[in-house]
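# Summary of structural features
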Amino acid sequence: MAISTAVKKEKNQVLKPREPESFRYRFKVKDLEKMYEAGIFKPDEKVELINGEVIKLSPIGLKHALVVDSLVEIFSELLQSRKELKEKYSLRVQNPIYISTQNLPESDIVIVNKEFRKEKQHPKPKYIELLIEVADTTLEKDREIKIPLYAKKKIKQVWIVDLNNNQIEVYTNPYKKEYLNIEIYPSDKKIKIFGKEIPVKDILNV
């Protein structure tokens, strides 16, 4: 009797359908390059690869664009003003940098050692002297996703130009997935790079 009862209960059981397993495909830099070659992205469409995810970049607003223009003018003049800087570094604007096989971000401003050109690919972290992200709507993503990524790969100095609060965050001394030194420069202060002090208000246009 015990056996037949057990069988009866088993027949009366209602089996719930299994939920489909979700997964997220991780791309690599070589996959992204093939997508460009295949014409998957429009010529004016900008994307970056972060932790294996292809992320479409939002259109740049007016304030963002003006700050990038200011940074280009300031750093172009600075690099041209001294022979040793002109010979050693170049300025890259909204171009990719090669962080790893699954990370190809496009930062707003990067000052790199010209030696990177010998490798015939986008500059790696070891060639980056300064990396700048201009942030308004992307502020949270830059702090929580990009900063740990840059620290892990030992990029020596990163600036986040915070357009929401009109200030610049300076990250130095990378250790594991964080920067041990973080300094905040409001619009009434000066920020120092390559021995030159730059008024923050000149960068922010305020």
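### What about the environment of Leu57?
Position of Leu57 among the secondary structure elements: in the loop between strand S2 (53–56) and helix H3 (62–81). Overall, the relative accessible area of 23% leaves Leu57 in the partly exposed class. The spatial distance from the C-alpha of Leu57 to the C-alpha of Val47 is 5.3 Å, given a sequence separation of ten residues. In this view, Leu57 contacts Lys46, Val47, Glu48 and Glu106; residues no more than four positions away in its chain are not counted.

### A closer look at the sheet that holds strand S5 (residues 128–135)
Read from one edge to the other, the open sheet built from six strands follows the order S3-S4-S5-S6-S7-S8, with strand pairing classed as mixed. With one partner strand each, in any of the chains shown, strand S3 (89–96) and strand S8 (178–186) form the two edges of the open sheet. Neighbour-to-neighbour, the strand axes of the sheet open up by a mean angle of 20°, direction not taken into account. Two strands pair when backbone bridges link them, and strand S4 (residues 106–113) and S5 are joined in this way by four bridges, in the antiparallel orientation. In the strand pairing of S5, Ile111 is matched with Leu130.

### Brief notes about the packing of aromatic side chains
Counted according to the given criterion, the structure contains four aromatic pairs. Judged by centre distance (5.9 Å) and plane angle (50°), the ring pair of Phe75 and Trp159 falls under tilted. Here Phe75, found in helix H3, pairs with Trp159, found in strand S6 (residues 157–162); they are 84 residues apart in sequence, far enough to count as distant. Comparing Phe75 with Trp159 shows no difference in burial state: the two are buried. Plain terms: the ring middles of Tyr171 and Tyr179 are 5.9 Å apart, the flat faces sit at 65° to each other, and that makes the pair edge-to-face. The same class applies to Tyr171 as to Tyr179, namely buried.

### Considering the pattern of salt bridges
The tally for this structure, following the rule as stated, stands at 15 salt bridges. The salt bridge involving Glu48 is made with Lys146; its shortest N-O contact spans 3.1 Å. In this pair, Glu48 sits in strand S1 (residues 47–50) while Lys146 sits in helix H5 (residues 139–152), placing the two residues 98 residues apart along the sequence. Note on accessibility: Glu48 and Lys146 belong to one class, buried. Here Lys146 makes a salt bridge to Glu133, at a shortest N to O gap of 3.2 Å. Taken together, the residues span a long stretch of sequence, with Lys146 in helix H5 and Glu133 in strand S5 at a distance of 13 residues. Each of the two residues, Lys146 as well as Glu133, counts as buried.

### Thoughts on the nonpolar core
Within the largest apolar cluster, 27 residues are counted, with the highest numbers of intra-cluster contacts made by Leu71, Phe75, Trp159, Val161, Ile168, Ile191 and Ile203. With seven residues, the single largest contributor to this core is H3. In this view, Val161 contacts Val67, Leu71, Ile132, Glu133, Val134, Ala135, Gln167, Ile168 and Leu204; residues no more than four positions away in its chain are not counted.

Conventions adopted
Every residue gets a number counted from 1 within its own chain, in the order that chain's sequence is written. The predicted nature of this model means local features are confined to residues of pLDDT at least 70 and side-chain atom pairs, given and counted, to a pLDDT of 80 or more, with totals for whole chains, interfaces and linings taken over all residues. Working from all heavy atoms in the structure, the side-chain values ignore hydrogens and water. Counting from the N terminus, the helices are DSSP H or I runs at least four residues long and the strands are E runs at least two residues long. Three labels apply to residues, based on accessible area from a 1.4 Å probe with only protein chains included: buried if under 20% of the type maximum, exposed if over 50%, partly exposed otherwise in between. Working rule for contacts: check all heavy atoms of both residues, and any pair within 4.5 Å makes them a contact. Strand pairing is assigned whenever DSSP identifies at least 2 bridges connecting the two strands. Orientation is described by lines fitted to C-alpha atoms, with helices fitted over the stretch in contact, and by angles between N-to-C directions that extend from 0 to 180 degrees. Side-chain rings of Phe, Tyr and Trp, where Trp is taken by its six-membered ring, are said to pair if the distance between their centres is within 6.5 Å; with planes under 30 degrees apart they count as stacked, over 60 as edge-to-face, and otherwise as tilted. Any Lys or Arg side-chain nitrogen located within 4 Å of an Asp or Glu carboxyl oxygen qualifies as a salt bridge. Take the buried residues of types Ala, Val, Leu, Ile, Met, Phe, Trp, Tyr and Cys, join any two whose side-chain atoms come within 4.5 Å, and each joined set is a nonpolar core.

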